[in-house]
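# Chains, contacts and geometry: an overview
Spelled out from the first residue to the last, the chains are:
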Amino acid sequence: MAAAVAALAGITACARTSPAGDAPWFIDATVASGLAFTHHNGRTGQFYYPEVISPGVALFDSDGDGDLDVLLIQSQDFDAGNDSGPMPHSQFFRNDLRVMADGTRRLTFTDATAASGLGLSGYGMGVAAGDVNNDGCVDLLTTSLNGARLLQNDCKGVFTDVSARSGIPHTGWSVSAAFVDFDRDGWLDLFVGHYLTWDRSLNTPCYGTSGRRVYCAPQVYRAQQSHLYRNNRDGTFSDVTDAAGLATQFGPALGVSTADFNGDGWIDIYVANDREENQLWINRHDGTFENLGLISGTALGPFGQPKSGMGVDAGDIDDDGDEDLVVTNLAGEGHDFYVNDGKGAFVNAAAVAGIGHRSLPYTGFGAGWLDVDNDGWLDLLTVNGAVQIPDSAAAGSGATASLGQPQQLFRNIGNGRFEDVTRAGGPGLLRSDASRGAAFGDVDNDGDTDVVVANNGGPAQLLLNAIGQRQHWVGLRLRTAAGSDALGARVAVTTASGQTRWRRARADGSYASANDPRILVGLGNSAGPVTVHVTWPGGRVEDARVEIDRYTTVVEGGGPTP
Amino acid sequence: MSRLRRAVVILAIAAGSSACRTERVASVPPLPDLGAMAAPVQQQIRDEYARLTTSGAASTSDRDRAAALGRVGELLMAAESVPAAEPFLSQAAALDPNDPRWPYFLAHLSRMKGDAPGAASYFQRVLTLRPDDVPSLVWLGNLSLDQGQTEAAERSYTRALELHSNLFAALFGLGRTALVAGRYQDAVTKLEAAAAAEPRATAANYPLAMAYRQAGRLDEAEARLRARGDAQPPVPDPLMAELADILESPVVYEGRGDRALARGQMPAAVAAFRHALALAPGRPAVKQKLATALALTGDVPGAVALYQELLRADPDFAAAHYSLGALLVSSGQWAPAIEQFAAAVRADPDYIQARLQLGHALRRARAFDRALAAYQGALSVDPRFAEARLGYAVTLADAGRDGTARAWLTDGRRAHPERSEFVELLVRVLAAAPDPKVRDGGMAVTLGERLVRETRSWRTLEALAMALAETGRWPEAIARQREAIDAFQRAPGRATPALADNLHRYERREPCRVPWSFDPLS
């Protein structure tokens, strides 16, 4: 009889598999592509809190050659400097993608760390990407246990640390950050999410009920104030945290997503905090923000409980033209899924959507809305990994693998509900890793969204999407007149049949990571050209007609170019 | 339940029953590595396991064997060793399928693993054995709600309510179910019923606020948000309560002590902390808590001796300095209290409570500039710290710097809209500051009337009366002041302020020129 029950379960599982058949939706191309990076968390057995928080990853086009390069953030030993061995450092991989005459692709990465200036040491956490000086090239901000660094790109993929003259102080424990033009002056400003005040002298022993040592809850340490910096348009930034009204409400920030949440045309900032209320900073158009997290319904879990917010992403999952939110949380809490009414009031629909209880076994970090099968509906991938070592594992430095959990892929079935299709995603998703950062982007430029996952204490992973290109799609690079990615620009893509999908250009979101700023819209089997209606960050509106199944660059005020 | 699901449950139970015959001869599951656990806990689990393995004789009944297996499973479960506990409890359930304890614990194990459907099926198994089990009904309702199964949730909560009328957890569950189902007016009605059944359950306020917001009643939503909290009465759950206390672990006894301390049961707290220290003598934090509990039982010499012992071992133990300072404050010894708080701050510059209490003590000693520095120090550590902002503003007013106090209170009100104290103190300053340039009676009345609508207490009523007097609305000022006096007489445990003096002042048509005649931060 037990077999009968199992058989019933099997039927259910089969019903959830891909319409594309049994082939895995993602292929693990890490080794084949040469993306060889292993994160070093410096675990000591002393339960140092930062050991389980990093790292992140960035996908960005460092040299303007049209493909996405990768920066993987490294951490280090806590007594680094006393050791005579080589210091672990972040690694930069140049994408040497080749498209053959027959259309096949050969994806290889070359470790170009030394030449790039990105071999950063220190206890790294995450990274944000954006063009801060409007020279048309992507600059970086890296976060760490001991402060953030601004790295300016010379447009050839060589970066210079300009932190000292930037006005961004190199202090504090920052994890996620976002470049955002909050004042609509055409220059990217910067939000840096800070986490906790911690150093080894403050490390506190915490115990589980059995008396065994555990990592402490975040409340044991004091939350640091996050910071908002305004771009002075001269390579420097001013700290406007106080003036903008962000100084007195903050929590231990781990995730940041910027988008126009209330539909007024100005970009707002959402901050996911660890075990404290999240903030939804609504832009008041005068350089100040008001936290409407509570009344918006996005500050807490569905019934008022603060959760362990980590990863976050905004996207329009129901095609109603506004930004909905997902926030990943700790195992036992379930992820939160907030559906926007278009004016910035959200309903927590995690239970009804089928995301809440299915995520209960997992501690989610990186998260992204992606249209995995290019059917036009945004799906959800969360990358997971525990933060407490199970009691069956020893507490020593070799216990990293014990934090491992599989990833979770939820497919949007178009009625506000999602189905768990992780198995269909393939063995690459079922691997047990202590995943943290995840960057989403079209790494092989084939018209679907791939993922690079940064794992704590383990090798990074490249997951290439193997099913998206089976359907039609349109790819857009939205650029300002200065040539920068127009982060925050919104686009409505309307097919010949009149169906409209809304997306926005963004590099932020997920966890401690930077995403491909290009926009990919799945069109399903709709084969005709599409009309795109772009709302630029400064408020200008433009329409363009573009071809499908290719990338098109749309320049503000200049129209589309292939 | 659908016919298919009912069939699956019956099949699962049948599978469990048939398994019991085969499990009877199954070997005892192995213990996990207990090495990381506290020594007394390891010993407790090993002793119980030894009893189990030595009681394997053929004469042992299935029920006794199940109880022995279940006991080890319970201990492992209490030790958060979830995967290791499961086979013990599963075998117990197979050997004694009529004992609801084993599926009940297995349900919680599944819940702890995040397996909501698995947990629900175990709770349903409990309910086939004990249909009136209220905790199982409530948990089943919660699990159904987590899975978006609103009809099933409603059935479970309704049944629980039939068995236990006015049970907050069931009323609350019904309200939350209506909210998840998008029946917002219904959610308002049901959550209001839950809040009325248990007025101290502040946890009802957040979902109620969301229901009001969705129903378009924004003012009520805002009011509920301000009153939100996490207090809710626990579901009576003897099995889980027993499990919570089962381990001979210092952490468990420390937790018992903490709970007793929070409930004001000081002798129980003292006993629990002493037991925790007996199990793990080297934990200063527990010793510190024991000293606090001793002080609260009235054993001040015992508490002081413990604090001093802690400080001999570690002169930089900031919490001990802080607690000694608090003891000295309670006996009015301001100068030595200031020394202790200052020592706590020196030992731990980030200790904001120590900085706050240092500020309070200096303010009481009328060392205003030093008090302001202490509050400023607390705010530099955490700019969100409303108490320090309040302390700073009150100190400014006490020092006669009314204009700056007004500005601080105005900023504080903006930064902490949830803290009505800023508004109350601002009303008082606007109404009664000696400096006429600071006073603004009209604004004071506007703010005061709104304040009283939201929070009616002797303090807010008195503040409004001051404002009314400042604008020459004498009859209303007198009426409000009388109401303040009535409210004050109903409020327990307060020292008498000069409420009557102000009443007489208003009767003589004289405004008040002292914003407060008591310590507004006490």
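Going by the structure above, here's the rest.
Residues numbered from 1 in each chain as written. Chains lettered and ligands numbered in written order. Predicted model: local features only at pLDDT ≥ 70, side-chain atom pairs only at ≥ 80, totals over all residues.

### A word on the overall build of chain B
Defined as follows: Runs of H or I in DSSP of at least four residues are treated as helices and runs of E of at least two as strands, each being numbered from the N terminus. With C-beta atoms placed from the backbone, a residue counts as buried when 20 or more other C-beta atoms lie within 10 Å of its own, as exposed when 12 or fewer do, and as partly exposed for counts between those limits. Residues are treated as contacting if the C-beta atoms built from their backbones sit within 7 Å of each other.
When helices and strands are counted, chain B shows 28 helices and zero strands. Taken over 522 residues, chain B has a buried fraction of 48%. In chain B, the share of contacts with a sequence separation of at least 24, taken over all contacts with a separation of at least 6, comes to 50%.

### A few points about the sheet that holds strand E30 (residues 435-441) of chain A
Sheet strands pair by backbone hydrogen bonding; their relative direction is either parallel or antiparallel. All names here are of chain A. We apply this condition: Strand pairing is assigned whenever DSSP detects at least two bridges linking the two strands. Here the axes come from fitting lines to C-alpha atoms, over the contacting stretch only for helices, and the angles between their N-to-C directions go from 0 to 180 degrees.
What the four strands build is an open sheet, ordered E1-E32-E31-E30; its pairing is antiparallel. Where the open sheet ends on each side, the last strands, each with one partner, are strand E1 (26-28) and E30. Sheet twist, expressed as the average angle between the axes of neighbouring strands with direction ignored, equals 25 degrees. Relative to strand E31 (residues 450-455), E30 runs antiparallel, the two sharing six bridges. In the sheet register, Gly437 faces E31, and the bridge partner there is Ala454.

### Considerations on helix H4 (residues 82-95) of chain B
Residues and elements named next belong to chain B. As a reminder of what qualifies: Expected helix span is computed as 1.5 Å times (number of residues minus one).
Helix length check: H4, at 14 residues, gives a terminal C-alpha distance of 20 Å against a target of 20 Å (1.5 Å per residue), a fit within 8%. Within H4, 10 of the 14 residues are buried, leaving the element largely enclosed by the surrounding structure. Of the positions making up H4, those classed as buried are Ala84, Ala85, Phe88, Leu89, Ser90, Gln91, Ala92, Ala93, Ala94 and Leu95.

### Describing the nonpolar core
What counts is decided by this rule: Connectivity within a nonpolar core runs through C-beta atoms within 7 Å, and the core itself is a set of buried Ala, Val, Leu, Ile, Met, Phe, Trp, Tyr and Cys residues.
In this structure, A:Val57, A:Ala58, A:Val70, A:Leu71, B:Ala393, B:Val427 and B:Ala467 are the most contacted members of the largest nonpolar core, which totals 326 residues. Excluding its chain neighbours within four sequence positions, the residues that come into contact with A:Ala58 are A:Val70, A:Leu71, A:Val127, A:Ala129, A:Leu140, A:Ala439, A:Ser513 and A:Ala514.

### Quick look at the pairing of strand E37 (residues 530-535) of chain A
Residue and element names in this part refer to chain A. Taking every second residue as pointing to the same face, the buried face of E37 carries Val530, Val532 and Val534, while none of Thr531, His533 and Thr535 on the other face is buried. Pairing analysis gives five bridges linking strand E34 (residues 490-494) to E37, with the strands arranged antiparallel. Pairing of Ala492 across the sheet is with His533, part of E37. By the bridge criterion, six bridges tie E37 to strand E38 (residues 541-546) in an arrangement that is antiparallel. Opposite Val534, over in E38, you have Glu542 as the bridge partner. Hairpin remark: E37 followed by E38, antiparallel, with five residues in the connecting loop; positive phi at Gly539, about 110 degrees.

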